Amino acid sequence: MEKVANFGLTPNMIMYLMKDYHMGMASGSNILFFWSAATNFMPVLGAYLADSFVGRFPMIGFGSILSLVGMFLLWLTATIPQARPPPCAKSNTSCAASTTLQLVLLYTSLGLMSTGAGGIRSSSLAFGKDQLTKRKNLKNIGVLESYFGWYYAAATVSAILGLTCVVYIQEHMGWSVGFGVAAVLMFFSALSFFLASSLYVKSNAKSSLLTGFFQVIVAAYRNRHLELLSEDTDVLYHHKKGSPLVFPSNKLRFLNKACVIKDPQQPSAFDEKTSNSWSLCTTEQVEELKALLKVIPIWSTGMIMSINISQPTFSVLQATSMDRHITSSFEIPAGSFGFFTVVAVVLWIVLYDRVILPLASRIMGRPAHLTAIQRMGIGIFISTLSMVVTAIVESVRRGIAINDGHLTEPYAVVRMSAMWLVPQFCLAGFSEALNAVAQNEFYFSEFPTSMASIASTLNGLGMSGGSLLASLVMNGVDHVTNTGGKESWVTSNINEGRYDYYYWVLGGLSMLNMVYFVLCSWGYGDCEGEGLKPLDEEIEDE
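When you look at helix α1 (residues 2-9) in this model, what are you seeing that I'm missing?
Each α-helix turn comprises 3.6 residues. Residues three or four places apart therefore point the same way. Among the 8 residues of α1, 6 are classified as buried, and the element is accordingly described as predominantly covered. Among the residues of α1, those classed as buried are E2, V4, A5, N6, G8 and L9.

For this particular structure, what's the right way to read the packing of helix α9 (residues 209-222) against helix α10 (residues 283-309)?
Helix-helix packing: each pair is described by the crossing angle between the helix axes and the interaxial distance. Where α9 contacts α10, the two axes come as close as 9 Å, and the packing angle between them is 100°. Compared by their axis directions, α9 and α10 come out roughly perpendicular. Residues L209, G212, F213, Q215, V216 and I217 of α9 form the contact with α10, whose participating residues are Q285, V286, E288, L289 and L292. Class assignment of the residues belonging to the contact of α9 with α10 gives a composition of 7 nonpolar, 3 polar and 1 charged.

Is there a simple way to explain the pattern of salt bridges in this structure?
Charged atoms that come close allow side chains of opposite charge to pair. Counted under the stated rule, the structure contains 8 salt bridges. The residue K290 makes a salt bridge to E287 at a minimum N-O spacing of 3.3 Å. Residue K290 and its partner E287 are both found in helix α10; the two are separated by 3 residues, about one turn of the helix. Between R324 and E331 there is a salt bridge, with the nearest N and O atoms lying 3.9 Å from each other. What makes R324 buried here is its relative accessible area of 11%. The class for E331 is partly exposed, based on a relative accessible area of 23%.

Which parts of the structure should I look at to understand the environment of G162?
Residue placement: G162 occurs in helix α7 (residues 142-173). Not counting residues up to four positions away in its chain, the partners in contact with G162 are V4, F7, G8 and V167.

Quick notes on the rules
- Residues numbered from 1 in each chain as written.
- Predicted model: local features only at pLDDT ≥ 70, side-chain atom pairs only at ≥ 80, totals over all residues.
- Heavy atoms only, no water.
- Buried < 20%, exposed > 50% of the residue type's maximum accessible area, 1.4 Å probe, protein only.
- Helix = DSSP H or I, 4+ residues; strand = E, 2+ residues; numbered from the N terminus.
- Axes fitted to C-alpha atoms, helices over the stretch in contact; angles between N-to-C directions.
- Parallel < 35°, antiparallel > 145°, perpendicular 65-115°, else oblique.
- Contact = heavy atoms within 4.5 Å.
- Nonpolar A, V, L, I, M, F, W, Y, C, P; charged D, E, K, R; others polar.
- Salt bridge = Lys/Arg side-chain N within 4 Å of Asp/Glu carboxyl O.

Everything listed here is a matter of geometry and, on its own, says nothing about what the molecule does.
Laid out in structure tokens, this is it:
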């Protein structure tokens, strides 16, 4: 329900900020970029706090309450007239700006929703897994696989419901009713979670991998004066009892100083429980940090691709100015076109597994398979293609608007079907399905099993960085193009602006990212596909 509410709020938010808060396109988009960045980053912080200090159940409960309060405050901004600026007078071209208190209320609601989403999304998947793996009467291992499938299926259905039903209510019944529906859904979500509290298996918090990463960095710095010879056969390294990983790898050798035993005569040097982890780490900790550092270049290419995914506000403006009628009495809400992206993601995943691979295998006479890195590269290429298509469609739309005399009428509907936007949304979905799924597979295959929680958060962290980069790119384009009294390419009037040029800029950046990805994948080398062996659980049991 939390995802239904959030997916329903996001698409039309730019129209709410522009029409009710009288914000410009650039200002409103910046707010949404930062909101998206915070929403994608907070699960990383939430996972760290849940694993290290509070546990998953309290984190989900805390996040549910914050999300509910945030949605309630957002509903108040649409319900109480004094909570937002007064409507613009028809005879006056200038509108009253928002007061400080009005903006504080708006920003507080968005901040609480981002923080709450971080608490829920960081722990919900792992918490559900705990309910299955921690129960003694669980004997069917296939139940766990079924759970993951149903979890992602539920997330997809939530996105579809939010992008269709909630957005439709906002457009036809007003902001107050639309935001109220989201708040009510969140209320029942939180209520059902707390009512079932006695039925849950609650795991205690334990040490987090992030703490271990900081320990390696601190220990390596403290031992920076140690000299590592080219052959470390005479050097003793600290490792977990029973671990076959006695020596660290030669890659990033300066980190090996974190696990060098300086005085083998001390009994505590070989005892993991009594040694100071901030001065002496295990070889496993060192190799885990190396695995993370090794994938950062390839990870950054996904962050750059996320710039294209972080552009839904502009597409809403496009759809608003086009004919969205399916029949004479029904038109698709402008914020619901993201539905086609979700459908494209699901369609590609199904076709790839059930049609494309079997057909390719039959034609080639041997099992056909694309590696994770290959699929990531294809995803970046399709993302570039989606920006090219978007630029072309926008150029045609703007030309029709100008020919019909709508240059100064930003909300005028042009003689062009909004269904021309469907290809760019489908291409965005295909690129996301290829790149995002391949990213997750790549991280899970290259990391040791002890780093599964880190692998599951890297994609979201990249999307957070992508939103910040998207804000930086948009502000740069706005600053460069509005100099000398010229109209900005990303002005609030979509007909006076040059959004087609803006999309060409994004397409050019995507091409540069493609070249950068090729270089990063070449530098990474062959994927090992297994990472470190999953020894941690065996070692802990001894």
